[in-house]
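In case you want the letters, here they are:
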Amino acid sequence: MGSETINVGVIGTGRIGGLHADNLMRRTIGATVVAVMDIDQERAAAVAAACDGARVFSDASDLIAAPDVDALLVASTDATHADITIACIEAGKPVLCEKPLATTVADAERVLRAELATGRRLVQVGFMREYDHAHKDLYDLLQSGAIGAALKFRSLHVNPRFVRELTIDSVITNSLIHDIHSARWIMPAEVESAYVQWALADRARPRSARLADIQLAFVDGAIGSLEYNGDSGYGYEVKVEVTGEKGLISTAEHPSPALRHSGSVSSAITPNWPERFAQAYLDEAQAWINAIQGNEATGPSAWDGYMSLAVADASIRSANTGRPHHLDAIEKPSLY
Ligand code: ISE
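Residues numbered from 1 in each chain as written. Predicted model: local features only at pLDDT ≥ 70, side-chain atom pairs only at ≥ 80, totals over all residues. Heavy atoms only, no water.

Peer 1: Sorry if this is basic, but what is going on with helix 9 (residues 278-293) here?
Peer 2: Each full turn of the α-helix corresponds to 3.6 residues, which orients residues three or four apart in the same direction. The first and last C-alpha atoms of helix 9 sit 23 Å apart over 16 residues, in line with the 22 Å expected at 1.5 Å per residue. Regarding helix 9, the residues found buried are Ala280, Tyr281, Leu282, Glu284, Ala285, Gln286, Trp288, Ile289, Ala291, Ile292 and Gln293. At the exit of helix 9 stands Asn295, carrying a positive phi of roughly 55 degrees. (Helix = DSSP H or I, 4+ residues; strand = E, 2+ residues; numbered from the N terminus. Expected span 1.5 Å × (residues − 1). Buried < 20%, exposed > 50% of the residue type's maximum accessible area, 1.4 Å probe, protein only.)

Structure representation (C-alpha cells):
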C-alpha cells in the first residue's frame, strides 16, 4: 500500500471507539479518520465533528463499502464484532477489531475461516497489552532466558467499580479475555484446560460476578492463575508475574511519584484503563497503521482472537459446572 495516508473508518464511537478515533486522527503518523458509524447517531456526530468533519454513517455495511475507506477500526458492542469483522474481510480491507473477536468460540471460528479463505492476514485483535511497556519488558526478559523455563503465569486484573452488571460469562469474554491472551502470548506453550471459581457481587445482584479466578494448565506442564476483581473500590491495576526455573519476573509498577505528607507515604493508582494503557493504545494504533502501509500483518491475529475464545469457552463451561474443562479447538492453520 506504500506510505500514503491510511483513511480509517471507525465503527462504534463509545468510550473506546472515541479513544481510538482521537488517537488515529491526532496522534498517529500516516492515518486519518474519514468516516464513523454508531447506532447512537448523536454520539457518532460528536466524534465526526472532532475528526475534521468525517462522514457519519448509520449502517456499518455502507461504511465498510465506502471507496475512500482503506481500513476499519471496530469498537462496537462485543456481540457485533464477528459479523462486522467478517464483512471487512470480505471487502478485502484490513481491520483492527477490539477484543473480544467474538462472544462465542463458534463465531470466532467463522471469522477465522473467512480470513483463511482470503489466504492472507487482514485482522488484528485489540489485545493492546502486547504494546504495554511493563508487559513487553517482562516478555523480553523471559525470552532472554533470565529465569529459565517458565513454570507459572500469574495475573491480577482489578477494575475500579462496576460500570454495568456483568455475568460470569461476560466477565470472562469482556475482561478476563485480556489476561487469557497475555497468558497465551507470554507463556511458551498453549493452554490445555481451565478451571474457574467465582463470587457474586452481593445477594441483591445475583447475576453479577465480582471476583473470578481462572486456573490454567498448559500443554507443557506449566500452570497459570488469572485473578479478577470487578469492583475494587480503589482504582485500576493490571499486574503479571512469571515464576521460572531460576527466578521470578514481575511487571514494573506503573510510575507514580511517592508523596510523603501528614505522617504517611502514598502514590497514585491509575483511575481506570484509559489512563493505565494510554500509551499502549497509541503504540497499538501506530503499529497497525505501519503494518498496513508496509502491506504486512503484525500484532495479535485472528488465531489469537479465536484461541482466547477457546480458553474463554472452557472457562465458561467450568464456571457453570464447577469442574475443570479441556479446550475444544481446531489445529493451528499454517497462515498463523
Ligand atoms: C474493558 O472493556 C477493557 O477492555 C479493559 O482493558 C479491561 O481492563 C477492563 O476490565 C474491561 O472492562
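Peer 1: Just to check I follow, could you spell out the sheet that holds strand 15 (residues 325-326) for this structure?
Peer 2: Strand pairing in a sheet relies on backbone hydrogen bonds. The paired strands run either parallel or antiparallel. In spatial order, the strands read 12-11-7-10-9-8-15; together these seven strands make up an open sheet with mixed pairing. The outermost strands of the open sheet, each flanked by one partner alone, are strand 12 (248-250) and strand 15. Bridge count for strand 9 (residues 209-218) against strand 10 (residues 223-229) is seven bridges, and the pairing is antiparallel. Bridging from a neighbouring strand, Asp213 pairs with Glu227 of strand 10. (Pairing = 2+ DSSP bridges.)

Peer 1: Quick question: what am I supposed to make of the layout of surface pockets here?
Peer 2: To find leftover empty space, a probe the size of one water molecule is rolled over the atoms. Space inside the largest pocket adds up to approximately 1100 Å³. Residue lining of the largest pocket: 43 residues in total, with Ile16, Asp78, Lys99, Arg164 and Asn174 positioned closest to the centre. At the level of secondary structure, the elements contributing two or more residues to the lining of the largest pocket comprise helix 1 (15-27), helix 4 (81-90) and helix 7 (168-186). Counting residues per element, the lining of the largest pocket draws most heavily on helix 7, at five residues. Per-class residue counts for the lining of the largest pocket are 16 nonpolar, 18 polar and nine charged. Size it by volume and the second largest pocket reaches roughly 280 Å³. Every residue lining the second largest pocket is counted, 17 residues in all, and those nearest its centre are Pro94, Arg121, Leu122, Ile292 and Glu296. Looking at the lining of the second largest pocket, the elements with two or more residues in it are strand 6 (123-125) and helix 9. Broken down by element, the residue count for the lining of the second largest pocket peaks at three residues, all from helix 9. Classifying every residue of the lining of the second largest pocket by side-chain character gives eight nonpolar, four polar and five charged. (1 Å grid on protein atoms, 1.4 Å probe; cavity = no way out; pocket = protein on both sides within 12 Å on 5 of 7 lines; lining within 4 Å. Points joined across faces, edges and corners; volume = space filled by probe spheres on them. Nonpolar A, V, L, I, M, F, W, Y, C, P; charged D, E, K, R; others polar.)

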